[in-house]
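Examining the three-dimensional arrangement
Next come the chains, spelled out residue by residue.
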Amino acid sequence: MNDSANPGWWSRHWKWAVPTGCLSLILLAGLMLGALVVFGLGGLGGLMKPGEPFRHAAGLARNDPAVIAALGTPLDSGWMRSGRFDMNDDRGEVDAVFPLRGPKGEAEVHLRGERSDGRWTYSRIEVELDDGRRVDLLAPPAPTALPPQAPAAAPQDTATEEPEPDASASDP
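Residues numbered from 1 in each chain as written. Predicted model: local features only at pLDDT ≥ 70, side-chain atom pairs only at ≥ 80, totals over all residues. Heavy atoms only, no water.

Description of unusual backbone geometry
Here the residue pair Thr 73 and Pro 74 is connected by a cis peptide bond, since its omega of 0° sits within 30 degrees of zero. Note that Pro 74 resides in the loop between helix H3 (65-71) and strand E1 (76-77). A positive phi angle, close to 55°, is found at Asp 117, a residue other than glycine. With respect to the helices and strands, Asp 117 occurs in the loop between strand E4 (105-116) and strand E5 (119-129). A relative accessible area of 64% means that Asp 117 is categorised as exposed. (Helix = DSSP H or I, 4+ residues; strand = E, 2+ residues; numbered from the N terminus. Buried < 20%, exposed > 50% of the residue type's maximum accessible area, 1.4 Å probe, protein only.)

This is the structure:
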């Protein structure tokens, strides 16, 4: 038999099979990436930004006057740089560091806490500023100093005295 008169499938169809195969691989990779973004990144984002503890720490930092003075507003929090976040039903632990950026500078938020019976308790929420200062966000706010007040003046007697009756105006 003469093979040159009857070429095989590949030699007849390679011109459309190669681009179709490459396009299929690209499409499959795109679908996998899309699924990761839609389904997986939500879960991955939960690991990278540990949900409630992250929101709580970022909220405290955004409302702290010392942090606002050092970093300015608005403050933007980034992904968890290091640490761990473990959740098991209504129990869990978090020990994480994430960045906080503002127009005046950058800082790191250090977060440590435990979840028991569905409730988070934090042992550390601290902002470490670029200059090395640390702001403890769990410390009670310092009392604000009231301006000094002038001593109260002695009360003045506002009652009017009645004039004494004049003896010359008595009856004859």
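The rest of the description comes next.
Some details on the confidence of the model for the protein
Residues with a pLDDT of 70 or more make up 72% of the protein, whose mean pLDDT is 78. Across the protein, the element-wise mean pLDDT spans from 78 in helix H1 (residues 9-48) up to 91 in E4. Here residues 42-49 is a poorly scored stretch, pLDDT under 50, and it has 13 contacts once near neighbours within four places are set aside; other chains count. (pLDDT = per-residue confidence, 0-100. Contact = heavy atoms within 4.5 Å.)

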